[in-house]
Amino acid sequence: MTPITHKTLEVPLLAALGPVTPEESRLLEKLDLQRLPRHLAVIMDGNGRWAQKRHLPRIAGHRAGTQTARTTIETCARLHVEALTLYAFSVENWRRPQAEIDFLMQLLREYLRQEMPLIQKNNIRMRFLGRLEELPAGVQNDVRESMEKTAGNQGMVLCVALNYGGRAEIVDAVNAILAAERTSLAGSVPRRVSEEDLSRHLYTDGLPDPDLLIRTSGEMRVSNFLLWQIAYAEILVTETLWPDFNRTRLLEALVEYQKRERRYGGIREDGSEEPKPARVAGE
Ligand code: FPP
């Protein structure tokens, strides 16, 4: 396959992004399209604070957050990012008031229905990461349908982390390995589990590990998100609240990511070649 060069991508890319502001245009000029993160993961935080600042109920912040999700998804798809993972609902989020939980579940279902044309138009394949079997039946149906409808798409993989917990994911992977061992003929011979084995049993099987983790609204925590997969990720925390994280802020984050030197625990030899990651899931 001929590698896509910056030059061949540039014109269709700018057209694909639609009208850009002068600031976005400046950022796009700085961006090396060959060195974008293959996988971008986002902790979408600050919806509640965004609403509070406007004397609105928290749910108004979540609704505004869906617009940011739309822009982020579309921009990443058009920039040819391979995978985007959005943290929509954690295993800890069940501790929120029931009315807010119900609203978030309803909002997600609405979102999946309304955004399907945009998802299809951008050739996006949907995946969901988390203990999906614990979700309300209606949400499970919509989740299944979204995956089925987009299964043949070849573009960006959009992962929505839903009832997701990083520790729960690792526990599920270990249990899946143990279950497979019990049923396999070689089950009586205990074997050592490798990093590759474990990666293959995570919800993210087949995807590259995130290169960049963005957290909005300033908290310096990873909040049980993709604990295994972010081992070598660059972490970028911005004070911007999620509903305000527009396309300009996203492009800024990508430019900032490209300024970072990624060493994966190795040393950089005279600035020429970057050491490769110790391992990448799915490779
Ligand atoms: C964190 O803000 C946000 C969430 C728990 C929910 C994120 C969900 C959406 C943006 C809805 C749509 C999702 C998709 C994938 C379209 P917070 O409530 O913790 O904010 P706070 O820290 O300011 O209270």
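Look up: the structure comes first, before these words.
Every value quoted in this text rests on a predicted model; they were computed, and no experiment measured them.

**Structural notes on the site of the ligand**
Residues in contact with the ligand amount to 18 residues; listed here are only the nearest, Asp45, Gly48, Arg49, Arg58 and Arg96. The backbone of Asn47 places a nitrogen or oxygen atom 3.2 Å from an oxygen atom of the ligand. For the ligand, the protein covers 91% of the area, taking 620 Å² as the surface of the free molecule. Of all the elements in the fold, those that place two or more residues in the shell around the ligand are α3 (47–53), α4 (58–78) and α5 (98–121). For the shell around the ligand, the element with the highest residue contribution is α4, accounting for 5 residues. A per-class count over the shell around the ligand returns 7 nonpolar, 7 polar and 4 charged.

**Details of helix α6 (residues 137–150)**
Here α6 contains 14 residues, and its C-alpha end-to-end distance of 20 Å stays within 8% of the 20 Å for a straight helix at 1.5 Å per residue. Within the span of α6, buried status applies to Gly138, Val139, Asp142, Val143, Ser146 and Thr150. Angular distribution of buried residues about the axis of α6 spans 135°; they occupy a single face of the element. Among the exposed residues of α6, those oriented more than 90 degrees off its buried face are Ala137 and Glu148. Packed against the buried residues of α6 are α5, β3 (125–129) and β4 (157–164).

**Some thoughts on the pairing of β4**
Each regular strand shows side chains that alternate between the opposite faces of the sheet. Taken across its 8 residues, β4 has 8 buried, putting it largely inside the fold. Inspection of the sheet shows strand β2 (residues 83–90) paired to β4 by 7 bridges, in the parallel sense. Paired with Thr85 across the bridge in β4 is Cys159. Strand direction decides the pairing type here: β3 and β4, joined by 5 bridges, are parallel. Considered in β4, the bridge of Leu129 is made with Ala161. A crossover connection joins β3 to the parallel β4 through α6; in handedness this β-α-β unit is left-handed.

**With respect to the packing of aromatic side chains**
In this structure the tally under the stated criterion is 6 aromatic pairs. Seen from their ring centres, Phe89 and Trp94 are 4.8 Å apart, and the 70° between their planes marks the pair as edge-to-face. Of the residues examined, Phe89 reaches a relative accessible area of 2% and is grouped as buried. Members of the aromatic cluster, joined through ring pairs, are Tyr87, Tyr164, Tyr203 and Phe225.

**Thoughts on the packing of α4 against α5**
Where α4 contacts α5, the two axes come as close as 11 Å, and the packing angle between them is 25°. Here α4 lies roughly parallel to α5, going by the angle between them. You can see that α4 and α5 cross each other, and the crossing is right-handed. Contacts from Arg58, Ile59, His62, Arg63, Thr66, Ala69, Arg70, Ile73, Glu74 and Arg78 of α4 reach α5 at Glu100, Phe103, Leu104, Leu107, Glu110, Tyr111, Glu115, Leu118 and Lys121. Across the contact of α4 with α5, the residue classes tally to 8 nonpolar, 2 polar and 9 charged.

**A look at the sheet that holds strand β5 (residues 212–215)**
Spatially, the 6 strands line up as an open sheet ordered β3-β4-β2-β1-β5-β6, and their pairing is parallel. Looking at which strands have only one partner, the edges of the open sheet turn out to be β3 and β6 (234–237). Shown here is a sheet whose adjacent strand axes are inclined to one another by a mean of 20°, direction ignored. Note that strand β1 (residues 39–43) and β2 share 5 bridges and pair parallel.

**Considering unusual backbone geometry**
Residue His55 is not a glycine yet carries a positive backbone phi of 55°. With respect to the helices and strands, the residue His55 is situated in the loop between α3 and α4. Taking relative accessible area as the criterion, His55 reaches 78% and is therefore assigned exposed. Phi angles above zero are rare outside glycine, and Asn123 is one such case at about 60°.

Parameters and conventions
Residues numbered from 1 in each chain as written. Predicted model: local features only at pLDDT ≥ 70, side-chain atom pairs only at ≥ 80, totals over all residues. Heavy atoms only, no water. Near = heavy atom within 4 Å. Polar contact = N/O pair within 3.5 Å; in protein donor to acceptor, adjacent residues only side chain to side chain. Areas by Shrake-Rupley, 256 points an atom, 1.4 Å probe, with all protein chains shown as cover. Helix = DSSP H or I, 4+ residues; strand = E, 2+ residues; numbered from the N terminus. Nonpolar A, V, L, I, M, F, W, Y, C, P; charged D, E, K, R; others polar. Expected span 1.5 Å × (residues − 1). Buried < 20%, exposed > 50% of the residue type's maximum accessible area, 1.4 Å probe, protein only. Arc of directions from axis to C-beta. Contact = heavy atoms within 4.5 Å. Pairing = 2+ DSSP bridges. Right-handed = clockwise from strand over helix to strand, strands pointing away. Phe/Tyr/Trp six-rings, centres within 6.5 Å; stacked < 30°, edge-to-face > 60°. Axes fitted to C-alpha atoms, helices over the stretch in contact; angles between N-to-C directions. Parallel < 35°, antiparallel > 145°, perpendicular 65-115°, else oblique. Left-handed = near helix turned anticlockwise from the far one by under 90°.

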